[in-house]
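Residues per chain are reported as follows:
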Amino acid sequence: MKSATLLQLLMLLGLTIACNHQHDGKEWTKEEIDELEAKWGYEWGFEGIGTFAHLNHVKCLTEPMEDFDIAIIGAPFDKAVTYRPGARFGPRAIRYASGRQHSLRGFNPRANINPYQNWAKIIDCGDIPITPIDNNIAQTQMTEALKQLGKHKTVSPLAPKPKLVTLGGDHSLTLPALRALNEIYGKTIQVLHFDAHLDTWNPNAYPSYWGTTAFNHGSMFWLANQEGLLSNSSFEPSVHAGLRTRLTGEIDNNDDTAQNWKRFSADDIDTLGTQGIIHNIMEALGTDNPVYLSVDIDVLDPAFAPGTGTPEAGGWSTREFIRILRGIEGLNLVGADVVEVSPAYQGGGEETSVAAAQIVYELITSMVKRGLDNMGKEGKSSKDEL
Ligand SMILES: *[C@@H]1O[C@H](CO)[C@@H](O)[C@H](O)[C@H]1NC(C)=O
Ligand SMILES: [Mn+2]
């Protein structure tokens, strides 16, 4: 007991000294610290301890005073899948695959900005600790964590509320995300959902003789509708894009329509092109209403993203999808996730995680760009915005 107290005292002393930039009687000037940064601050793509894009890591869930505008957060949970498990390793894989992203050469030529050297403070908040043992506790943990993180203060007035980009994990994560956003914004949120699958399935659509649980990665949007998290107004639909999975029958689509969703299939790209898909999405969602963007990596063809839980042949290429993401940058994104990356099924070249890391980069770019556009709009402060 006595030695613990002494240790605590010593630690406190160490902290005080560190804060004054003093050590062994030496006072470090800002110039000297800057020089150390110039000498040793840069990490090559294969170096570092593996945060997203070498961003600073802060364990935000235990650091409530940490202000940020945009944060990466991992949700390493995969106990709600129906086919291949393994997405709990998604956040790690995406972070490692993001190694060649760096603020120093982060300029996005598709969007004409460097999101990492702009107005937004972007950090990596680490992972939500989620139990692999009990799904009821797991969904509470995800919901509470995302609520807590969404209430952090921002640094820039261009971001009225912080924006979270969550790395899955399986797709059940989106339900906690929508619960948190409903509380934080005090209203229903529209969803833009890129996926091979509908994920609006009534849990009874699964074989249910033995009983079933609604919290799974194919029913979270059905639950979201039941909980009133999504608008029922035909003027505020949610949107699926990239669909191509087998169905029970037309009944699935009717049920989906009844839950206020619009559907664009993977094949639509052949007739409409990427520009047509972009046009349809923007027409359905507009540029003012708060939109949550959820990307199931299985929207990509398994040739491009085999590392996923429920692969379906005949999807979009990575390039086509990135083109679509750039085209919808005008959306008012209040948060996003990239889910179902299951690295055990990807190749040694990490193609699935590399695609996911690029998708995250494009989403962050859009969020930062949207802030800049708002600054330019005369008479409209971003504070007016949800
Ligand atoms: C939409 O309809 C569903 C099913 O009738 C209902 O449970 C839900 O609360 C409604 N949502 C809103 C926002 O009113
Ligand atoms: Mn899916």
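So, here is what we can say about the structure in this document.

Cut-offs and rules
- Residues numbered from 1 in each chain as written.
- Chains lettered and ligands numbered in written order.
- Predicted model: local features only at pLDDT ≥ 70, side-chain atom pairs only at ≥ 80, totals over all residues.
- Heavy atoms only, no water.
- Helix = DSSP H or I, 4+ residues; strand = E, 2+ residues; numbered from the N terminus.
- Core = buried A, V, L, I, M, F, W, Y, C linked by side-chain atoms within 4.5 Å.
- Buried < 20%, exposed > 50% of the residue type's maximum accessible area, 1.4 Å probe, protein only.
- Contact = heavy atoms within 4.5 Å.
- Near = heavy atom within 4 Å.
- Polar contact = N/O pair within 3.5 Å; in protein donor to acceptor, adjacent residues only side chain to side chain.
- Areas by Shrake-Rupley, 256 points an atom, 1.4 Å probe, with all protein chains shown as cover.
- Nonpolar A, V, L, I, M, F, W, Y, C, P; charged D, E, K, R; others polar.
- Lys, Arg positive; Asp, Glu negative; His and termini not counted.
- Salt bridge = Lys/Arg side-chain N within 4 Å of Asp/Glu carboxyl O.
- Axes fitted to C-alpha atoms, helices over the stretch in contact; angles between N-to-C directions.
- Parallel < 35°, antiparallel > 145°, perpendicular 65-115°, else oblique.
- Left-handed = near helix turned anticlockwise from the far one by under 90°.
- 1 Å grid on protein atoms, 1.4 Å probe; cavity = no way out; pocket = protein on both sides within 12 Å on 5 of 7 lines; lining within 4 Å.
- Points joined across faces, edges and corners; volume = space filled by probe spheres on them.
- Phe/Tyr/Trp six-rings, centres within 6.5 Å; stacked < 30°, edge-to-face > 60°.
- Lys NZ or Arg CZ within 6 Å of the ring centre and 35° of its normal.
- Donors = N, O, S within 2.8 Å, 3.2 Å for Na, K, Ca; no water.

## A look at unusual backbone geometry
At the junction of glycine 168 and glycine 169, the peptide bond is cis and its omega measures out at 10° in the coordinates. Position of glycine 169 relative to the elements: it lies in the loop between strand 5 (163–168) and helix 5 (174–185). One non-glycine residue, asparagine 260, lies in positive phi territory at about 70°. In this fold, asparagine 260 is placed in the loop between helix 7 (250–258) and strand 8 (261–265).

## So, the nonpolar core
With 55 residues, the main nonpolar core has Phe52, Leu192, Phe194, Ile281, Trp316 and Ile364 as its most contacted residues. It is helix 10 (residues 351–376) that provides the largest number of residues to this core, a total of 10 residues. Apart from residues no more than four positions distant in its own chain, isoleucine 364 is found in contact with Phe52, Ile70, Ile72, Pro115, Tyr116, Ile122 and Val165. Counting 40 residues, the second largest nonpolar core, distinct from the first, contains Ala80, Ala138, Ala180 and Tyr292.

## A short note on the site of ligand 1
Around ligand 1, the surrounding shell consists of Thr188, Asn225, Gln226, Gly228, Leu230 and Asn232. Glutamine 226 places a main-chain nitrogen or oxygen 3.3 Å from an oxygen atom of ligand 1. Side-chain polar atom of asparagine 232 to an oxygen atom of ligand 1: 2.5 Å apart, as the coordinates give it. With the chains in place, 49% of the 360 Å² that ligand 1 exposes on its own is no longer accessible. In terms of residue class, the shell around ligand 1 is made up of one nonpolar, five polar and no charged.

## Regarding the side chain of arginine 244
Looking at the element boundaries, arginine 244 is found in the loop between strand 7 (238–243) and helix 7. We note that arginine 244 is buried and unpaired, the nearest opposite charge coming from aspartate 298 at a distance of 5.4 Å. In terms of polar contacts, arginine 244 uses its side chain to reach the backbone carbonyl oxygen of valine 299, at 3.3 Å. Within the structure, the side chain of arginine 244 is placed 3.1 Å from the backbone oxygen of alanine 313, a separation counted as a polar contact. In this structure arginine 244 touches Ala196, Ala266, Asp298, Val299, Leu300, Asp301, Pro302, Glu312, Ala313, Gly314 and Gly315, once residues within four positions along its chain are discounted.

## A few points about the packing of helix 4 (residues 135–150) against helix 5
Relative orientation of the contacting elements helix 4 and helix 5 amounts to 40°, with a least axis distance of 8 Å. In this view, helix 4 runs oblique relative to helix 5, as classed from their interaxial angle. Handedness of the crossing formed by helix 4 with helix 5: right-handed. For the pair formed by helix 4 and helix 5, the contact residues are Gln139, Met142, Thr143, Leu146, Lys147 and Gly150 on the first element and Leu175, Pro176, Ala177, Arg179, Ala180, Glu183 and Ile184 on the second. Each residue belonging to the contact of helix 4 with helix 5 can be placed in one class, and the counts come to seven nonpolar, three polar and three charged.

## A look at the layout of surface pockets
There is about 490 Å³ of room inside the largest pocket. Along the wall of the largest pocket there are 23 residues; nearest its centre are Gly99, Arg100, Gln101, His102 and Arg105. For the lining of the largest pocket, the element with the most residues is helix 10, which contributes four residues. Here the residues of the lining of the largest pocket are counted per class, giving 10 nonpolar, nine polar and four charged.

## Details of the packing of aromatic side chains
The final tally for this structure, using the stated rule, is eight aromatic pairs. Each residue in the set Phe194, Trp316 and Phe321 is aromatic and connected to the rest through ring pairs, giving one cluster. The aromatic ring of tryptophan 28 is capped on one face by lysine 26, whose charged end is 4.6 Å from the ring centroid. Seen from the ring of tyrosine 345, arginine 84 lies directly overhead, with NZ or CZ sitting 4.6 Å from the centre.

## Quick notes on the coordination of the manganese ion (ligand 2)
Within the protein, Asp195 (OD), His197 (ND1), Asp296 (OD) and Asp298 (OD) serve as the donor atoms for the manganese ion (ligand 2), at 2.2 to 2.3 Å. Considered as a linear motif, the donors of the manganese ion (ligand 2) on their single chain read D-x1-H-x98-D-x1-D. Taken individually, aspartate 296 and aspartate 298 each receive the classification buried, so the pair is uniform in this respect.

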